[in-house]
Amino acid sequence: MWSVIANHIAEVKGISFNARNIKTITGGCINETYQIQDHNKSYFVKLNNLDSIDMFEAEADGLNEMAATKTIRVPSPICFGISNQKSYLVLEYIHLNNGNFKSQTNLGKDIAKLHSIGQKKFGWHRNNTIGTTMQLNPINNNWPEFFRKYRLEFQINLAKKNGFEFHRSKELLDKTDDFFYGYKPKPTLLHGDLWSGNFAFDENKNPVVFDPANYYGDREAEFGLTEMFGGFSSDFWNGYNSVLPLDPGYSTRKELYRLYHTLNHLNLFGSSYAVSAQQLISQLNKTKLI
């Protein structure tokens, strides 16, 4: 397998490359991850089962699209394929570091710059995954409808299949549009899975983001997961707002966006997220909007 991957790298890059040194990299919970080296050349490799090739192809698509905006650094996709009953994705290897307060500020600014580039419709040109959960991205010009149907309702129905049901979930779906009264979301490219485990800083302490779940959505949806686990300092938010200030209504809508990721974590990792999901649904149903 490693010789196949090395030969693929060599073909794409037009270089001589052999898998002389392979190191396991820890930290991820979905893929096997490695650093593959040949003298002074190094690449990052993800491995998963055969069925994950579409996930890897979508990830490469998303990274390329983010890179094309020239707003924030991402690891460049090199190649992907299948070998020895495994699918693989090869990325540029970036030596990641901790940042400082300025790094967090620049991360916020770079994400805001990404969000400043408008798109024509919500959705994306393909479906992808959020973690390992299918994420549907049909083209749509109505954001509340898109978010209700392809984010919340999809996850609620999946949770039901997994044995979880939520009191007043239909009531919340029926009132989703009300959260956007007086606010007109504009489509923009989102990273889609922005949490503290999916960003770091390069050798110059510049921001790097990776492991995306891209689509065109309301920029506020970017932060549903960002606020779940911490890791984003006040410098991040100051940097973001200095470029693209958040709408005052975000303080209410952020719980709606958090619900999507809470439901997804329930469907990925099990019952420990069930109480939080129900609490959010109950809280959102009590919110006075109009």
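Before going into details, it helps to say that this report is about the structure given with it. Each chain carries its own residue numbering, running from 1 in the direction its sequence is written. In keeping with the predicted nature of the model, local features appear solely for residues at pLDDT of at least 70, side-chain atom pairs appear and are counted solely at 80 or more, and the whole-chain, interface and lining totals rest on all residues. Side-chain metrics rest on all non-hydrogen atoms present in the structure, leaving aside hydrogens and water.

Overview of the overall build of the protein chain
Step number 1: Helix and strand counts for the protein chain stand at 8 helices and 11 strands.
Step number 2: Against the globule reference of 19 Å for 290 residues, the protein chain gives a C-alpha radius of gyration of 20 Å, in line with a compact fold.
Step number 3: Relative accessibility decides the category of a residue: with a 1.4 Å probe and only protein chains considered, values under 20% of the type maximum give buried, values over 50% give exposed, and everything between is partly exposed. Relative to its full complement of 290 residues, the protein chain shows a buried share of 52%.
Step number 4: By sequence separation, contacts in the protein chain at least 24 residues apart represent 68% of the contacts at least 6 residues apart.
Step number 5: Here, Shrake-Rupley sampling with a 1.4 Å probe gives the accessible areas, and only protein chains in the shown set may cover a residue. Split by element, the accessible area of the protein chain, about 13700 Å² in all, is 48% carbon and sulfur.
Step number 6: On the protein chain, the mean spot of the 31 positive side-chain charges and the mean spot of the 29 negative ones are 3 Å from each other. For helices the rule is a DSSP run of H or I covering at least 4 residues; for strands it is a run of E covering at least 2, with both sets numbered from the N terminus onward. For a compact globule the rule gives 2.2 Å times the number of residues to the power 0.38, and the radius of gyration it is set against comes from C-alpha atoms. Should any heavy atoms of two residues lie within 4.5 Å, those residues are counted as being in contact. A residue counts as positive if it is Lys or Arg and as negative if it is Asp or Glu; His and the chain ends are not included. Throughout, a charge is located at the NZ atom of Lys, the CZ atom of Arg, the CG atom of Asp or the CD atom of Glu.

Topic: the sheet that holds strand β1 (residues 21-24)
Step number 1: Here a strand pair is declared whenever DSSP counts at least two bridges between the two strands. Ordered by their spatial adjacency, 5 strands build an open sheet running β1-β2-β3-β5-β4, and the pairing between neighbours is antiparallel. This sheet does not close on itself; its edge strands, each paired only once, are β1 and β4 (77-83). Sheet twist, expressed as the average angle between the axes of neighbouring strands with direction ignored, equals 25 degrees.
Step number 2: Of the strand pairs in this sheet, strand β3 (residues 41-49) and strand β5 (residues 86-92) are connected by 7 bridges, and their pairing is antiparallel. Note that in β5 the partner of Y43 across the bridge is E92.
Step number 3: Where helix α1 (residues 2-13) meets the sheet, its contacts fall on β1, β2 (32-38), β3, β4 and β5, and the angle it forms with β4 comes to roughly 145 degrees.
Step number 4: Across the face of the sheet, helix α2 (residues 53-69) comes into contact with β3, β4 and β5 while running at roughly 15 degrees to β5. Fitted lines through C-alpha atoms serve as axes, helices being fitted only where they are in contact, and the angles separating the N-to-C directions of these axes extend from 0 to 180 degrees.

Thoughts on the packing of aromatic side chains
Step number 1: Centre distance within 6.5 Å is the pairing criterion for rings of Phe, Tyr and Trp, where only the six-membered ring of Trp is used; planes under 30 degrees apart are then read as stacked, over 60 as edge-to-face, and the remainder as tilted. Enumeration over the complete set of coordinates arrives at 21 aromatic pairs.
Step number 2: Ring geometry for F199 and F232: centres 4.8 Å apart, planes at 50 degrees, overall tilted. Placement of F199 in strand β9 (residues 199-201) and of F232 in the loop between β11 (215-218) and α6 (234-243) is noted, with a sequence separation of 33 residues between them. Each of the two residues, F199 as well as F232, counts as buried.
Step number 3: Here the aromatic residues F122, W143, F146, F147, Y150, F180, Y215, Y257 and Y260 are joined through ring pairs into a cluster of three or more.
Step number 4: Residue placement shows R151 over the ring face of Y215; its charged tip is 4.2 Å from the ring centre. Any Lys NZ or Arg CZ found within 6 Å of a ring centre and within 35 degrees of that ring's normal is scored as a charge over the ring.

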